[in-house]
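For reference, the chains in residue letters:
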Amino acid sequence: MTTTAPAASPHAANGLVYPLVSIQGLRKSYGANEVLKGVDLDVNRREVIAIIGKSGSGKSTLLRCINGLETFQHGSLTVHGQPLKAGDAAAMRELRKGVGMIFQSFNLFPHLSVGRNIMLAPSLVMNLPKDEARKRAEKLLSRVGLADKFDSMPEQLSGGQQQRVAIARALAMEPEVLLCDEITSALDPELVGEVLHVVEGLALQGMTIIMVTHEMNFARKVSDRVVFMHQGKVHEVGAPEQVFGNPATPELQQFLSAMH
Ligand SMILES: Nc1ncnc2c1ncn2[C@@H]1O[C@H](COP(=O)(O)OP(=O)(O)OP(=O)(O)O)[C@@H](O)[C@H]1O
């Protein structure tokens, strides 16, 4: 991908170099159902990763583990050099501050204006003074093309606009990495483009993004690497031209032909 930001790179601090997100041997079960069966994945700063795969292959569960919404039983997860042990609830809460997540449903607070939705977390979690939180919300709203919607209520916006507010709200916590879980799946087709345009802009500005998506053309255009998940594992990973143009395994070939 051509970016205006420097290329993806391992993070360097305190003389150490490490990926921004490092996942090793991650296993997660719901009861007897093992959903993630040993996932290994490193994500460098400024990388854009698209996760694709059949329904039930564990894509959403993996994202939810990365932002600490789900516990896992085995393996390790390190974000920004902070290792997170399986089941460490306090560390998971801390982790969530540095990881933004956007879901298929926008989950805006219906009784708060657009601006207040964005100000909420910086005010409550980061203790940002009200005027600074407001300035931050205004800036983010213009970044997602909604500068004039500060005082609107969520119900007055289209689905595409609400999803853009959800993106602004996630960015308000200045996350290290942004996780996107099928964020256009609930939108009418004519509204998909405006949301993808915002995500593409963030990618070009150097945001580290891990997105689960069914938008194959978008994955091909924007991502640095595509991860194909199959039966709870990373089955194939590579540059978009390799994964889409020259899939190595029959499972990926079948998945891609079923998408056409
Ligand atoms: N909270 C839960 N409790 C029990 N089982 C769950 C839970 N969440 C997910 N699962 C199961 O885990 C498996 C993987 O689900 P997951 O949502 O991660 O898959 P996915 O690849 O994201 O699928 P999709 O593309 O349909 O969203 C499924 O079998 C699902 O039923």
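Every value quoted in this text rests on a predicted model; they were computed, and no experiment measured them.

A count of helices and strands for the chain gives nine helices and twelve strands. Taken against the 2.2 N^0.38 rule, which gives 18 Å for 260 residues, the C-alpha radius of gyration of the chain at 18 Å falls within 12% of a compact globule. In terms of principal-axis extent, the alpha carbons of the chain reach across some 50 × 40 × 40 Å. Here the chain holds 260 residues, and the buried ones make up 40% of them. A separation of at least 24 residues holds for 65% of the contacts in the chain among residues at least 6 apart in sequence.

On to the sheet that holds strand S4 (residues 33–43). The pairing of strands in a sheet happens through backbone hydrogen bonds and is either parallel or antiparallel. In space, the four strands of this open sheet follow the order S4-S3-S6-S7, with antiparallel pairing throughout. Sheet topology places S4 and strand S7 (82–84) at the edges, where each strand pairs with a single neighbour. Across the sheet, the mean angle separating the axes of adjacent strands is 25° when strand polarity is ignored. Sheet topology places strand S3 (residues 21–30) next to S4; eight bridges connect them, and they run antiparallel. Looking at the pairing, Tyr 30 lines up with Asn 33 of S4.

Moving on, we come to the packing of helix H5 (residues 159–171) against helix H6 (residues 189–204). How two helices sit against one another is set out by the angle between their axes and by the gap between those axes. Put simply, H5 and H6 touch, their axes get as near as 8 Å, and they point 20° apart. What the angle tells us is that H5 and H6 run roughly parallel. Of the two possible hands of crossing, H5 and H6 adopt the one that is right-handed. Each of Gly 159, Gly 160, Gln 163, Arg 164 and Ile 167 in H5 lies in contact with H6, whose residues at this interface are Leu 191, Glu 194, Val 195 and Val 198.

Quick look at the nonpolar core now. One finds Ile 51 and Ile 210 to be the most contacted residues of the largest nonpolar core, which totals 68 residues. Take this core: its biggest share by element is six residues, from H5. Residues lining this core come from more than one domain, with at least three contributed by each of domain 1 (1–98 + 176–260) and domain 2 (108–174). What Ile 51 contacts, discounting residues up to four positions off in sequence, is Lys 59, Leu 62, Ile 210, Met 211, Val 212, Val 227 and Met 229.

The next subject is the domain arrangement of the chain. For the chain, the domain assignment lists domain 1 (1–98 + 176–260) and domain 2 (108–174). Here the side of domain 1 that touches domain 2 gets four residues from one element, more than from any other, and that element is H6.

Turning to the site of the ligand, a few remarks are in order. The immediate surroundings of the ligand are formed by Tyr 30, Val 35, Gly 53, Ser 55, Gly 56, Ser 57, Gly 58, Lys 59, Ser 60 and Thr 61. Examining the composition of the shell around the ligand, we find that three residues originate from one element, helix H1 (residues 59–66), more than from any other. Of the residues contributing to the shell around the ligand, the split by class is two nonpolar, seven polar and one charged.

Right, let's get into H6. Compared with an ideal rise of 1.5 Å per residue, which puts 16 residues at 22 Å, H6 spans 23 Å between its outermost C-alpha atoms and is within 8% of the ideal. Residues Val 195, Leu 196, Val 198, Val 199 and Ala 203 constitute the buried set of H6. The buried residues of H6 occupy an angular sector of 155° when projected down its axis, which confines them to one face. Phi turns positive one or two residues past the end of H6, at Gly 206, with a value near 100°.

Let us now look at the sheet that holds strand S12 (residues 233–238). With mixed pairing, the six strands of this open sheet are ordered in space as S8-S9-S10-S5-S11-S12. Sheet topology places strand S8 (99–102) and S12 at the edges, where each strand pairs with a single neighbour. Taking the axes of each pair of neighbouring strands and ignoring which way they run, one obtains an average angle of 20° across the sheet. Relative to S12, strand S11 (residues 225–230) runs antiparallel, the two being bridged by five bridges. In the sheet register, Phe 228 faces S12, and the bridge partner there is Glu 236. The sheet contacts of H5 involve S8 and strand S9 (177–181), and relative to S8 the element is tilted by about 170°.

Rules of the game
- Every residue gets a number counted from 1 within its own chain, in the order that chain's sequence is written.
- Where totals are concerned, whole chains, interfaces and linings use all residues; where local detail is concerned, this predicted model gives features only for residues with pLDDT of at least 70, and gives and counts side-chain atom pairs only at 80 or more.
- In DSSP terms, a helix is any run of H or I states spanning at least four residues, a strand is any run of E spanning at least two, and both are numbered starting from the N terminus.
- In this setup the radius of gyration rests on C-alpha atoms only. A globule is expected at 2.2 Å times the number of residues raised to 0.38.
- Buried means a residue has 20 or more other C-beta atoms within 10 Å of its own C-beta, exposed means 12 or fewer, and partly exposed covers the counts in between; C-beta atoms are placed from the backbone.
- For every residue pair, C-beta atoms are placed from the backbone, and the pair is scored as a contact if these atoms sit within 7 Å.
- DSSP-based pairing: two strands are paired if at least 2 bridges between them are found.
- Only the stretch in contact is used when a helix axis is fitted, and all axes are lines through C-alpha atoms; the angle between N-to-C directions ranges over 0 to 180 degrees.
- For classification purposes, an angle smaller than 35 degrees is called roughly parallel, one larger than 145 roughly antiparallel, one from 65 to 115 roughly perpendicular, and anything else oblique.
- In a left-handed crossing the near helix is turned counterclockwise from the far helix by less than a right angle, and in a right-handed crossing that turn is clockwise.
- Buried Ala, Val, Leu, Ile, Met, Phe, Trp, Tyr and Cys residues form a nonpolar core when they are connected through C-beta atoms within 7 Å.
- For every domain, the bounds stem from an assignment made automatically or drawn from a database.
- Residues are counted as near a molecule or strand when the C-beta atom, derived from backbone positions, lies within 6 Å of that molecule or strand.
- Following the grouping adopted for this structure description, the nonpolar residues are Ala, Val, Leu, Ile, Met, Phe, Trp, Tyr, Cys and Pro, the charged ones are Asp, Glu, Lys and Arg, and the polar ones are all others, Gly among them.
- One less than the residue count of a helix, multiplied by 1.5 Å, gives the span that helix is expected to have.
- Here, the arc refers to the directions that run from the helix axis to the C-beta atoms.

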